[in-house]
Amino acid sequence: MEAHMNLLHDVGIQTTHWLQQRFQGSQDWFLFISYAADLRNAFFVLFPIWFHFSEAVGIRLIWVAVIGDWLNLVFKWILFGERPYWWVLDTDYYGNSSAPEIQQFPLTCETGPGSPSGHAMGAAGVYYVMVTALLSAAGGEKQARTLGYWVLWTVLWIGFWAVQVCVCMSRVFIAAHFPHQVIAGVFSGMAVAKTFQHVRCIYHASFHRYLVITIFLFSFTLGFYLLLWTFGVDLLWTLEKAQKWCSNPEWVHIDTTPFASLLRNLGILFGLGLALNSPLYQESSRLTQGQQPPSFRLGCAAASLLILHVFDAFKPPSHVQLLFYALSFCKSAAVPLATVGLIPYCLAQLLPTQHKKAA
């Protein structure tokens, strides 16, 4: 088994080496793709836009991103996937022959296991939600679908796969993942998004259900970690690898550790449940009676993007891990609270009185 994995890893290293040689001048593009594919942008950019123009799509996007990334963490802890940037320096596979030279970048040195790729899984899930939402809005009855619909269908799915190819190439180029890890991530993300197309209870879930699910996800993860730890399995073995083999210690960030991503995602889910069941959201819905004009929706989306951009500038101090995790959870919870509750409520208060009455 180890021999087969070493061969697979070697193929991945050769692929990374070829990409870095072939696209040597494109490193800024690949770094941008990796940055853009981070789930943080799904929460801070895509969610505010989608929620204010289609609440159901925005809610589904959050659930797919959060549950998908939680499953990604569990898979990573089970599969013990290596990462190219440390494997090529740590392995004795090459013996006395020289290993291919692999360049590292500021986004290379992630600290969790590598399989499957979280960036690829997240991007596939989130973009699958958006593509299917657009097609659903444009489709109408299946029998009545026009040539224009099928042109749109073709363009959107070509765009979807173009994004996935770019994300996969980016992750392999910067030596954060092996090719088989990004491929597994893409299909896993699509599977999660496809599953949530048939889950209806998320659109009317109570705060109690959100709270129970948040506690369950955290408890399961912590319990799984402690269970394996009692058997002598250190699930944070990759942090030592990253610190040892990253060429620049400043590129090893605590926010890429498994528990950091877990608490960030759980904060988002908890905040969404709190916001959707808050008096602010209910009052803004009452004031507009669901008849929100496009200008109101556009104003909410624009204000959300602006405020969240300013809010994202706050970086929790990382010198104390527990404090960092707690503040990351609170910061994430504030994202849907502001987007869903606070901003629509404030803008609804500014609606002309006659519009409120008419609504």
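Structure's up top.
Residues numbered from 1 in each chain as written. Predicted model: local features only at pLDDT ≥ 70, side-chain atom pairs only at ≥ 80, totals over all residues. Heavy atoms only, no water.

What follows is about the overall build of the protein chain. On a plain count of helices and strands, the protein chain comes out with 15 helices and zero strands. Here the C-alpha atoms of the protein chain give a radius of gyration of 22 Å, agreeing with the 21 Å that 2.2 N^0.38 yields for 359 residues. Seen through its C-alpha atoms, the protein chain measures out along the principal axes to roughly 80 × 50 × 35 Å. The buried share of the protein chain, reckoned over its 359 residues, is 48%. Summed over its atoms, the accessible surface of the protein chain is roughly 17500 Å², and 66% of this surface lies on carbon and sulfur atoms. Computed over 20 positive and 18 negative side-chain charges, the separation of the two mean positions in the protein chain equals 16 Å. (Helix = DSSP H or I, 4+ residues; strand = E, 2+ residues; numbered from the N terminus. Rg over C-alpha atoms; globule rule 2.2 N^0.38 Å. Buried < 20%, exposed > 50% of the residue type's maximum accessible area, 1.4 Å probe, protein only. Areas by Shrake-Rupley, 256 points an atom, 1.4 Å probe, with all protein chains shown as cover. Lys, Arg positive; Asp, Glu negative; His and termini not counted. Charge placed at Lys NZ, Arg CZ, Asp CG, Glu CD.)

Below, the discussion takes up the environment of Leu263. Turning to its location among the elements, Leu263 is positioned in helix α11 (residues 258–276). Ignoring anything within four residues of it in the chain, the contact list for Leu263 reads Phe218, Tyr325 and Phe329. (Contact = heavy atoms within 4.5 Å.)

A word on helix α10 (residues 237–245). Of all the residues in α10, the buried ones are Trp237, Thr238 and Ala242. Viewed end-on, α10 has its buried residues packed into an arc of 135°, placing them on one side of the element. Summarising the geometry of α10, the exposed residues directed more than 90 degrees from the buried face are Glu240, Gln243 and Lys244. Taken together, the buried residues of α10 touch α5 (84–90). (Arc of directions from axis to C-beta.)

Turning to the state of the cysteines, a few remarks are in order. By the definition in use, this model includes one disulfide. With its sulfur 2.0 Å from that of its partner, Cys109 forms a disulfide with Cys246. The S-S bond linking Cys109 to Cys246 shows a torsion near 85°; that makes this disulfide right-handed. Of this pair, Cys109 sits in the loop between α5 and α6 (118–139) while Cys246 is found in the loop between α10 and α11, placing the two residues 137 residues apart along the sequence. Each member of the pair, Cys109 together with Cys246, is buried. Free of any disulfide, Cys166 has its nearest cysteine sulfur in Cys168, 9.4 Å distant. Cysteine Cys346 is unpaired, with the sulfur of Cys300 as its nearest cysteine sulfur at 9.7 Å. (Disulfide = S-S within 2.5 Å.)

This part takes up helix α14 (residues 321–349). The first and last C-alpha atoms of α14 sit 40 Å apart over 29 residues, in line with the 42 Å expected at 1.5 Å per residue. Where α14 bends most, the angle comes to about 50°, and this point is Ala338. (Expected span 1.5 Å × (residues − 1). Bend = angle between axes of the 7 residues up to and from the residue.)

To continue, consider the packing of helix α4 (residues 55–79) against α6. Look at α4 against α6: their axes get within 9 Å of each other, and the N-to-C directions meet at 155°. Comparing their axes, α6 and α4 come out roughly antiparallel. Between α4 and α6 lies a crossing whose hand is right-handed. On the side of α4, the interface is formed by Val57, Arg60, Leu61, Val64, Ala65, Gly68, Leu71, Asn72 and Lys76, while α6 contributes Gly118, Met121, Gly125, Val126, Val129, Met130, Thr132 and Ala133. (Axes fitted to C-alpha atoms, helices over the stretch in contact; angles between N-to-C directions. Parallel < 35°, antiparallel > 145°, perpendicular 65-115°, else oblique. Left-handed = near helix turned anticlockwise from the far one by under 90°.)

One pair of aromatic rings is described through two measures. These are the centre distance and the angle between the planes. According to the stated counting rule, one finds 32 aromatic pairs in the structure shown. Here the aromatic rings of Trp157 and Phe160 are separated by 5.2 Å at their centres, their planes lie at 75°, and the arrangement is edge-to-face. Highlighted residues: Trp157 and Phe160, both in helix α7 (residues 147–173), separated by three residues, approximately one helical turn. Among the residues examined, Phe160 registers a relative accessible area of 2% and is labelled buried. When the ring of Phe216 is compared with that of Phe220, the centres are 6.0 Å apart and the planes differ by 40°; the resulting orientation is tilted. One end of the pair is Phe216 and the other is Phe220, both in helix α9 (residues 207–230) and four residues apart, which spans about a single turn. By relative accessible area, Phe216 is classed as partly exposed at 48%. (Phe/Tyr/Trp six-rings, centres within 6.5 Å; stacked < 30°, edge-to-face > 60°.)

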